[in-house]
Amino acid sequence: MDVSKYAALFLAESREHLSSCNQLLLAWEREPGATEPVSGLFRSIHTIKGMGATMGFTGVAELAHRMESLLDALRHGRVTPDAGTFDLLFR
């Protein structure tokens, strides 16, 4: 597959998802007990992972997969969010 013709679309959609992630992280940081921000983050990161894998961007897909694992643990209460968690996710 010639990914070059889809690269601009991938970039645009990824930027939209990352912007959404930023807003969700800010909301979650203000209210760490809220569940919707972490669910929204998981969905956006899952989408980025799938798009990255489809494009053959293994680094993006692997990073997103690791973020998904952390977000899943946060979402199910196996990990409690703290300042370090938010710093890591913002990076």
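Above: the structure in question.
Summarised in this report is the structure supplied together with it. Note that the structure is a prediction, hence the values are computed from the model and not measured.

## Re the overall build of the protein chain
Link 1 in the chain: A tally of regular secondary structure across the protein chain gives four helices and zero strands.
Link 2 in the chain: Going residue by residue from the N terminus, the α and β elements of the protein chain occur as α-α-α-α.
Link 3 in the chain: Oriented by its inertia axes, the alpha-carbon framework of the protein chain measures out at about 45 × 20 × 20 Å.
Link 4 in the chain: Split into buried and exposed, the 91 residues of the protein chain put 31% on the buried side.
Link 5 in the chain: Taking all contacts inside the protein chain whose residues are at least 6 apart in sequence as the whole, residues at least 24 apart take part in 55%.
Link 6 in the chain: Carbon and sulfur atoms make up 57% of the accessible area of the protein chain, which totals about 5700 Å².
Link 7 in the chain: Side chains of the protein chain give 9 positive and 11 negative charges; the mean places of these two sets differ by 3 Å.

Cut-offs applied
Residues numbered from 1 in each chain as written. Predicted model: local features only at pLDDT ≥ 70, side-chain atom pairs only at ≥ 80, totals over all residues. Heavy atoms only, no water. Helix = DSSP H or I, 4+ residues; strand = E, 2+ residues; numbered from the N terminus. Buried < 20%, exposed > 50% of the residue type's maximum accessible area, 1.4 Å probe, protein only. Contact = heavy atoms within 4.5 Å. Areas by Shrake-Rupley, 256 points an atom, 1.4 Å probe, with all protein chains shown as cover. Lys, Arg positive; Asp, Glu negative; His and termini not counted. Charge placed at Lys NZ, Arg CZ, Asp CG, Glu CD.

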